[in-house]
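Listed below, chain by chain, are the residues.
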Amino acid sequence: MNVTVFGTGYVGLVQAAVLADAGHHVCCVDVDQAKIDNLNKGIIPIYEPGLTPLVQDNHAQGRLRFTTRAEEGVHFADLIFIAVGTPPDEDGSADLKYVLAVAGTVAQHMASDKVIVNKSTVPVGTADKVSQHVQGILAQRGSQLGFTVVSNPEFLKEGAAVSDCKRPDRIIIGTDSADAVAVMRELYEPFNRNHERIIVMDVRSAELTKYAANCMLATKISFMNEMANIAERVGADIEAVRKGIGSDERIGYHFIYPGCGYGGSCFPKDVQALVRTAESIDYQPQLLQAVEAVNHRQKRKLFEYITKHFGSDLSGKTFALWGLAFKPNTDDMREASSRVLMEQLWAAGARVQAYDPEAMEETQRIYGTRADLVLMGTKEAALQGADALVICTEWQQFKAPDFNSIKGALQTPVVFDGRNLYDPERLDKKGITYYAIGRGNHALDDKDA
């Protein structure tokens, strides 16, 4: 099949590359000329495991093309994906200007019937808005061309997006058009052979399914962080509690790891957007509001530990920071806990020596050159001369370090662990003061204890 994808971010580029790899012919359209030029040279704008060779191979074989010419994309295929960003508006609701702009472009240039697929994460009712927008422009053109708007939300995890796209848990198709369902079934046939993954529903249910899924996962994280904060105060170890409740198959082990808060492009934005949607229909979503509030507080947890240990004035202190991306296996720093922490440390007068396997360039792009931030080439280099080590991201290479080297490199042997990577008893035996989330262990001790 011929497929056009508008937008070459995480969702659009991964979906396009995986569809091309299955044998479809895909045209990607983006307004960013520099990005398109780089993609045509095989230079990928994001870090995602497995994505670079997938794009390069399918581009070389002619199944994947990149252009800034919207008209070319519209004429290339009758199946058109909208995979552009929906950034939060000032009030936290999803901003649909890019989605509607693409819809308008399609309506302006289409010369045959189209199936328009909303792949972007959009509020309930967006398909109706897209339909109205397209219909309005077609009416202005005096055109009788037909079209169907389908909701086909993505469920990709950054860091595992390629494998998620190749082996989806489910493929949600939201439409009341039997013809559109047939087109989508043909598109996804290569991914639906092992067992039935396609779930067809009405378009509004499909739109809500995406938000409900992300908000459910965010809720599990915030719930566990709430339990961790209680565990600290009652003298319990949240890691033991996690194992105890995770063994219940009704709960499971996924997304019940306590830490220094969730981030990224999805959970924070989607929780906010669903809260605003609920408020717009005169419903107060108290649970979702609490999920957001707990996460906001949790991102300040590490700084709370640091000031408990060192005091509120951190002038002259230097902190080694391991992990800048919001999660492992990505360079994405949107809503990352590391950003909240670094900005708090700087405000208190401290310096940061930071290392991340993939997010160093992104950090430089966000913060530029500043005297209180030094990006180090290795995790070991970040330790040298620092007053303490802080961990914000659970990269694999951070999980089994040389604790003797850590102790020797730091001015004071203190570790603040926002991802609970280590055994408190082992660090205690090494003579390292260890602050972890919800593990008792110094978290509520007096500063001088």
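Note that this is a predicted model, so its numbers are computed, not measured.

1. Topic: the overall build of the protein chain
Stage number 1. Along the protein chain, the regular secondary structure elements total 18 helices and 14 strands.
Stage number 2. Overall size of the protein chain, expressed as C-alpha extent along the three principal axes, is 80 × 45 × 45 Å.
Stage number 3. Buried residues in the protein chain amount to 54% of all 449 residues.
Stage number 4. Within the protein chain, residue pairs in contact and separated by at least 24 positions form 72% of the contacts whose partners lie at least 6 positions apart.
Stage number 5. Placing the 47 positive and 58 negative side-chain charges of the protein chain at their respective mean positions leaves the two points 3 Å apart.

2. Observations concerning the confidence of the model for the protein chain
Stage number 1. Per-residue pLDDT for the protein chain has a mean of 95; in total, 98% of the residues score no lower than 70.
Stage number 2. For residues 443–449, every residue scores under 50 in pLDDT, and the model assigns this stretch 11 contacts once sequence neighbours within four places are set aside.

3. Re the nonpolar core
Here is a general trend for soluble globular proteins: nonpolar side chains tend to be buried in one another's company.
Stage number 1. Of all hydrophobic cores here, the largest spans 60 residues; its most connected members are Phe416 and Tyr422.
Stage number 2. The biggest single contributor to this core is helix α13 (residues 301–310), with five residues.
Stage number 3. Non-local contacts of Tyr422, meaning those with residues more than four positions away in its chain, are made with Trp322, Ile391, Phe398, Lys399, Pro401, Phe403, Val415, Asp417, Leu427, Tyr434 and Arg439.
Stage number 4. One finds Val5, Val14, Ile36 and Ile198 within the second-largest nonpolar core, a separate group that totals 41 residues.

4. Considering the environment of Phe326
Stage number 1. Among the secondary structure elements, Phe326 is positioned in the loop between β9 (318–322) and α14 (337–347).
Stage number 2. Linking Phe326 and Gly261, residues 65 residues apart in sequence, is a C-alpha distance of 9.2 Å.
Stage number 3. Not counting the four nearest positions on each side in its chain, Phe326 is found in contact with Glu158, Gly263, Gly264, Asp332, Met333, Arg334, Ala336 and Arg419.

5. Topic: unusual backbone geometry
Stage number 1. Despite not being glycine, Asp282 has its phi angle at roughly 65°, a positive value.
Stage number 2. Considering the arrangement of structural elements, one finds Asp282 in the loop between α11 (267–280) and α12 (286–298).
Stage number 3. Judged by its relative accessible area of 74%, Asp282 is exposed.
Stage number 4. You will see that Glu335, though not glycine, has its phi angle at about 60°, which is positive.
Stage number 5. Relative to the helices and strands, Glu335 resides in the loop between β9 and α14.
Stage number 6. Glu335 gets classed as partly exposed once you look at its relative accessible area, which sits at 42%.

6. Brief notes about the pattern of salt bridges
Stage number 1. Considering all chains together, one arrives at 27 salt bridges under this definition.
Stage number 2. Between Asp169 and Arg170 there is a salt bridge whose closest N-O contact spans 3.9 Å.
Stage number 3. Residue Asp169 is classed as exposed on the basis of its relative accessible area, which comes to 65%.
Stage number 4. Since its relative accessible area comes to 26%, Arg170 is described here as partly exposed.

7. Observations concerning the side chain of Lys114
Stage number 1. Note on placement: Lys114 falls in strand β5 (residues 114–118).
Stage number 2. A polar side-chain atom of Lys114 sits 2.8 Å from the main-chain carbonyl oxygen of Ala77.
Stage number 3. Sequence-distant contacts of Lys114, defined by excluding residues within four places in its chain, comprise Val74, Ala77, Asp78, Ile80, Val106, Gly146, Phe147 and Thr148.

8. Some points on the environment of Asp332
Stage number 1. Following the sequence through the fold, Asp332 ends up in the loop between β9 and α14.
Stage number 2. Owing to a relative accessible area of 5%, Asp332 belongs among the buried residues under this scheme.
Stage number 3. The spacing of Asp332 and Gly408 is 76 residues in sequence and 32 Å in space, taken between C-alpha atoms.
Stage number 4. Filtering out sequence-adjacent residues up to four positions away, Asp332 remains in contact with Tyr10, Glu158, Ser265, Ala325 and Phe326.
Stage number 5. At 2.8 Å, the side chain of Asp332 forms a polar contact with the side chain of Arg334.

About the thresholds
- Residues numbered from 1 in each chain as written.
- Predicted model: local features only at pLDDT ≥ 70, side-chain atom pairs only at ≥ 80, totals over all residues.
- Heavy atoms only, no water.
- Helix = DSSP H or I, 4+ residues; strand = E, 2+ residues; numbered from the N terminus.
- Buried < 20%, exposed > 50% of the residue type's maximum accessible area, 1.4 Å probe, protein only.
- Contact = heavy atoms within 4.5 Å.
- Lys, Arg positive; Asp, Glu negative; His and termini not counted.
- Charge placed at Lys NZ, Arg CZ, Asp CG, Glu CD.
- pLDDT = per-residue confidence, 0-100.
- Core = buried A, V, L, I, M, F, W, Y, C linked by side-chain atoms within 4.5 Å.
- Salt bridge = Lys/Arg side-chain N within 4 Å of Asp/Glu carboxyl O.
- Polar contact = N/O pair within 3.5 Å; in protein donor to acceptor, adjacent residues only side chain to side chain.

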